[in-house]
Amino acid sequence: MKQKVRKAVLPVAGLGTRFLPATKASPKEMLPIVDKPMIQYIVEEAKESGVEQVILVTGRGKQAIENHFDTSSELERILEQKGEEKLLREIQKISNLVSFCYVRQKEALGLGHAVLCASEAVGNEPFAVLLGDMIIDSETPGLKQLMDVYEHYKDPVIGVSRVEQSEVSRYGIIKANQVSSGVHEVLDLIEKPSPEKAPSNLAIIGRYILPPEIFDILERTSPGANGEIQLTDALKKVLDNTALFACEIKGKVHDGGSKLGFLKATVELALKNPELGDDFRQYLKGLDL
Ligand code: G1P
């Protein structure tokens, strides 16, 4: 793979069952962390990593996401009339981040299937995948860290992070050989293993740079863990033809799709917020913990 990565696929069709009842009628991707919906953090990370087009794989009940990244002339007019210049610029920035494209996943058949739905929109070029519930708080944007490894090796790359042994069954786990500081060559992958079967504690954290050949592989991939078509299973087949690298993300990875992970992300990002941070820190210090 030598081409530049221009496109990113963001699967957002999931039902958000881990976050019920909040997600009964609202997309989980629109839950706000401090003052931005989670999905905006992901789109910003993609843009800051050099992505030009974001392909959102959506499903039923996800219109709020499309509206969020669209222009809102009425809102803009009102903000203009009120002289709210700063807010106006902020709102306009959202719809100009990147170019957006939407495809629909008609049935929830798994992450691998969601990525496959984007095959026509991606075409024959390497592309990124970012999962909306993993929020990366880092100096260098998470996906940019993968891009740097990709530039060097010219092979597919996945983002990983070390997790507690007791948590491995929530993730795709890799078996790998370290090739340089924080970079590993992947030897094998297993989706949601039991702690006894996990070959390491290096977990896939929802960032990928993939070759277009993955689409043919996904078409032939049968359902795996949880009866779903798994991207991890397709990646295992990628290993037959090419090397695959894993980049240990430098920074904090929050699982915003779980209630506790979402709370941790909220507290940490609120403490860093230039407008709220100081007051919020004061408030937390005053709590009787
Ligand atoms: C997906 C992937 C898994 C990865 C995880 C990260 O699982 O299949 O390999 O570790 O995302 O969040 P899901 O959380 O969709 O079950």
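Residues numbered from 1 in each chain as written. Predicted model: local features only at pLDDT ≥ 70, side-chain atom pairs only at ≥ 80, totals over all residues. Heavy atoms only, no water.

1. Re a nonpolar patch on the surface
A cluster of nonpolar side chains, Tyr283, Leu287 and Leu289, forms an exposed patch at the surface whose accessible area comes to about 380 Å². Note that Leu287 resides in the segment after helix H11 (277-285). (Patch = residues over 30% accessible without salt bridge, like charges linked within 9 Å, V, L, I, M, F, W, Y side chains within 5 Å. Areas by Shrake-Rupley, 256 points an atom, 1.4 Å probe, with all protein chains shown as cover. Salt bridge = Lys/Arg side-chain N within 4 Å of Asp/Glu carboxyl O. Helix = DSSP H or I, 4+ residues; strand = E, 2+ residues; numbered from the N terminus.)

2. Quick word on the packing of helix H3 (residues 73-81) against helix H4 (residues 85-95)
At a closest axis distance of 9 Å, the pairing of H3 and H4 adopts a crossing angle of 160°. By the angle between their directions, the pair H3 and H4 is classed as roughly antiparallel. Where H3 crosses over H4, the two elements pack in a sense that is left-handed. When H3 is examined against H4, the residues Leu75, Glu76, Leu79 and Glu80 are found in contact with a partner set consisting of Leu87, Leu88, Ile91 and Gln92. Looking at the contact of H3 with H4 residue by residue, the class counts come to 5 nonpolar, 1 polar and 2 charged. (Axes fitted to C-alpha atoms, helices over the stretch in contact; angles between N-to-C directions. Parallel < 35°, antiparallel > 145°, perpendicular 65-115°, else oblique. Left-handed = near helix turned anticlockwise from the far one by under 90°. Contact = heavy atoms within 4.5 Å. Nonpolar A, V, L, I, M, F, W, Y, C, P; charged D, E, K, R; others polar.)

3. Re the packing of aromatic side chains
Counting across every chain of the model gives 5 aromatic pairs. Aromatic pair Phe280 and Tyr283: ring centres 6.4 Å apart, planes at 20°, arrangement stacked. One end of the pair, Phe280, and the other, Tyr283, are both in helix H11, 3 residues apart, so they sit about a helical turn from each other. When its relative accessible area of 23% is taken as the criterion, Phe280 is described as partly exposed. (Phe/Tyr/Trp six-rings, centres within 6.5 Å; stacked < 30°, edge-to-face > 60°. Buried < 20%, exposed > 50% of the residue type's maximum accessible area, 1.4 Å probe, protein only.)

4. A closer look at the site of the ligand
Every residue near the ligand is listed here: Leu111, Leu131, Met134, Tyr171, Gly172, Glu191, Lys192, Ile204, Tyr208, Gln230 and Thr232. For the ligand, an oxygen atom lies 2.9 Å from a polar atom in the backbone of Gly172. Between the ligand and Glu191, the relevant distance is 2.7 Å, taken from an oxygen atom to a side-chain nitrogen or oxygen of the residue. About the coverage of the ligand: the protein hides 81% of its 370 Å² of free accessible area. (Near = heavy atom within 4 Å. Polar contact = N/O pair within 3.5 Å; in protein donor to acceptor, adjacent residues only side chain to side chain.)

5. Notes on the nonpolar core
Within soluble globular proteins, side chains that are nonpolar generally end up buried alongside one another. The biggest cluster of nonpolar side chains holds 48 residues, and the ones touching the most others in it are Leu10, Val43 and Val54. The element that contributes the greatest number of residues to this core is helix H1 (residues 38-48), accounting for 6 residues. Apart from residues no more than four positions distant in its own chain, Leu10 is found in contact with Ile39, Ile42, Val43, Val54, Ile55, Leu56, Val57 and Leu130. One finds Val122, Leu131, Ile158 and Leu202 within the second-largest nonpolar core, a separate group that totals 33 residues. (Core = buried A, V, L, I, M, F, W, Y, C linked by side-chain atoms within 4.5 Å.)

6. With respect to the side chain of His254
Tracing the sequence through the fold places His254 in strand S13 (residues 252-255). The contacts of His254, once residues within four sequence positions are left out, are Asp133, Met134, Ile135, Asp137, Gly261, Lys264, Ala265 and Glu268.

7. Quick word on the side chain of Ser95
Here Ser95 lies in helix H4. A residue is classified by how much of its surface remains accessible, and Ser95, at 12% relative accessible area, is buried. A polar contact of 3.2 Å, which involves the side chain of Ser95, links it to the backbone oxygen of Gln92. Contact partners of Ser95, with chain neighbours within four places excluded, come to Phe69, Asp70, Thr71 and Phe100.

All quantities given are derived from atomic positions and should not be read as evidence of function.
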